[in-house]
Amino acid sequence: MASVLRFRKLCYVEPVRCSSLGFQSFETPKVDKKEEIVVSKVENEVLEKKKNKRQSKEWRSIDYCCWIIGYMCTTCWLLLFLYHCLPVTLPSFQVLESPGTRLKHEGLTALHPVVLVPGIVTGGLELWEGRPCSEGLFRKRLWGGSFAEIFKRPMCWLEHLSLHNETGLDPPGIRVRAVPGLVAADYFAPGYFVWAVLIENLAKIGYEGKNLHMAAYDWRLSFQNTEIRDQALSRLKSKIELMYVTNGYKKVVVVPHSMGVIYFLHFLKWVESPPPMGGGGGPGWCAKHIKAIMNIGPAFLGVPKAVSNIFSAESKEVAFIRAMAPSVLDSEILGLQTLEHLMRVSRTWDSTISLLPKGGETIWGNLDWSPEDGHGCDFVKKGQPSMSDNNLNSSNGRSCFQVKDPVKYGRMISFGKAASQLPSSQLPTHDSKEFLHTSASTNFNSSCGEVWTEYDEMSRESIRKISENKAYTARTLFDLLRSVAPKMMRRAENHFSHGISENLDDPKYAHYKYWSNPLETKLPDAPDMEIYCLYGVGIPTERAYVYKLAPSDKCKNIPFRIDSSADGDAGSGLKSGVYFVDGDESVPVLSAGFMCAKGWRGRTRFNPSGMATYIREYRHKRPASLLEGRGTESGAHVDIMGNVALIEDILRVAAGATGAEIGGDRIYSDIIRMSERINLRI
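A brief look at the structure comes next.

Procedures and definitions
- Residues numbered from 1 in each chain as written.
- Predicted model: local features only at pLDDT ≥ 70, side-chain atom pairs only at ≥ 80, totals over all residues.
- Heavy atoms only, no water.
- Helix = DSSP H or I, 4+ residues; strand = E, 2+ residues; numbered from the N terminus.
- Buried < 20%, exposed > 50% of the residue type's maximum accessible area, 1.4 Å probe, protein only.
- Disulfide = S-S within 2.5 Å.
- Axes fitted to C-alpha atoms, helices over the stretch in contact; angles between N-to-C directions.
- Parallel < 35°, antiparallel > 145°, perpendicular 65-115°, else oblique.
- Left-handed = near helix turned anticlockwise from the far one by under 90°.
- Contact = heavy atoms within 4.5 Å.

### Points about unusual backbone geometry
- Cis geometry marks the peptide bond from Pro275 to Pro276; its omega dihedral reads 10 degrees.
- Inspection of the secondary structure assignment puts Pro276 in the loop between α10 (259-272) and α11 (285-289).
- Phi is positive for Gln231, close to 55 degrees, though the residue is something other than glycine.
- Counting through the fold element by element, Gln231 comes out in the loop between α8 (223-230) and α9 (232-246).
- Owing to a relative accessible area of 38%, Gln231 belongs among the partly exposed residues under this scheme.
- For Tyr249, which is not glycine, the phi dihedral falls at a positive 55 degrees.

### Some remarks on the state of the cysteines
- The final tally for this structure, using the stated rule, is 2 disulfides.
- Covalently, Cys133 is tied to Cys156 through a disulfide, its sulfur atoms 2.1 Å apart. Judged by the sign of its S-S torsion, about 80 degrees, the cystine formed by Cys133 and Cys156 is right-handed. Highlighted residues: Cys133 in the loop between β2 (125-129) and β3 (141-143) and Cys156 in helix α6 (residues 154-161), separated in sequence by 23 residues.
- Look at Cys133 and you get partly exposed, because its relative accessible area is 31%.
- Accessibility expressed as a relative area gives 8% for Cys156, which makes it buried.
- In this model Cys533 forms its disulfide with Cys596; the gap between the sulfur atoms is 2.1 Å. Here Cys533 and Cys596 share a disulfide; its torsion about the S-S bond, 75 degrees, makes the bridge right-handed. Pair noted here: Cys533 is in strand β14 (residues 530-537) and Cys596 is in helix α21 (residues 589-599), with a separation of 63 residues, a long-range link.
- Owing to a relative accessible area of 0%, Cys596 belongs among the buried residues under this scheme.

### Side note on the packing of helix α7 (residues 196-204) against helix α22 (residues 644-654)
- Interaxial distance between α7 and α22 falls to 10 Å at its minimum, and their mutual angle equals 45 degrees. Looking at the two axes, α7 sits oblique to α22. Crossing of α7 over α22 shows right-handed handedness. For the pair α7 and α22, the contacting residues are Val197, Leu198, Asn201 and Leu202 in the first and Ile647, Ile650 and Leu651 in the second.

Here's what the structure looks like:
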């Protein structure tokens, strides 16, 4: 029967095809209606199968991604449901008394006003003016919150988060501003706290709106541009003066986090400098108004991950995804080009330049030397040091591990695993003129049409020369970045500097571009003020990268990527193309602790008044179970904001304690030895 139906379909339904097979054409006879229905059903089934087969072929990657996202969301909701349903009296899940409640019982009450300064990314941004595609988003959050607009109108969202590529300010017709108040950075997304836990504990000892303030600012802008466009620094100055007066002339305790640390360092110099460049507060303003600065996760000397973010829009997470599922990011079927879009937007943000490593080879090491030589991170323990481990430097309880062979951490970018390990004598030398020639190359990709990133304006030959078995240090990587991102570096380097001052009395250091670099500016004359470096340790943190050329040379593609196949032996610190050292997952110990350990310790040329500095390290301890959430003893860069020991330290200082009264220095890492190895005149 089936063969008869196929023959009828061939000859009667499609007579042209039948003729081409050699059959004589003849008039189509009448066909019984029942047979017609059967034939049409068979046709429809065949066409439906072909259509479904074609669709499953074309969309299987998207389906795969959607299933993964669905499973993850379902799992998260299930865990959240269980978390709220389980009784708090379970033997293995006792709710600990919060630091604020415990200290309140001890008699601690609010004394000094507190100002919180958020870091990069964690502060909310809202729309005040936009293009037609942003209809209905007035004063809605574009950054922070639910991030719903990413899925609804992704290209519109990216357009409105970008700044002008020449000025670093608003593009025409777009105004995106920082969300004001404590809600600006209490939660980054629903359920993901940033400052919320600290704010809640401050409230328990008596803090409220009159003595607690969030100094929100647009973290995309250069620090001086936050004043030029929004008068953010002037408003912060006025707020501190008001809180000082209305709270019984009590000095303010400032608590900055991450990039907010160097933003407030810029403020310290700005507020005492004369107008129009400065705030006109005059010498002594800081000594009068500020009791202490408690820097959380401070990126004083920059972070290596800023280099990879600018160079290829990557980090260890991206390298890990590539290693585990390369098709997710590199699939031509998906064609999402996520990293290219991210690079296109982030290269308009001047603030990212503020996080590039400062101090050059003196601080970060050269081709053969680095302060961390001989120490790395153990991946088996995932940053969780054990006192029973034989490799632990247990002489003073530090959490650094001895590595078998010296790792050349000073080579921040190496093209090929060999280039990260070879003796420097076997590596090609760098010529600054070569970089200038590379950046001046004419656009060979005219067929690409619209230019997405500055890589579209580079010739393939220039890209190849950059990657010829070379290694770049904290000094030469600036030449590298100027060649691959000339517009960004030209614009941003008018606002930031990354060197070391030989003479801080030189008049040129009165310019604002030096004010956020602790190695090129003096602390204010405030001998009674205290500076704290509070950060986590015991987590593998990005320090250097192994790169390779991307296999595709198509238009609008990033030509370089972290070589996720590059892994080292146990104890080498190399995993998926990334070299790790001790830190808080984002900021290495060297950047977070050096200024408090040596640069500002005692009376130095960077700290002429000799104000006291304290290092308080928090050893990372992972949650014992999923029921603990992000943990109460975490040392991770953001999760540390919920660390009970850190919260207690802040509350005690806000209530009037000094650094000596809360225990002085508490050091687990090898920061003192690292600092001693750095040959810097202080």
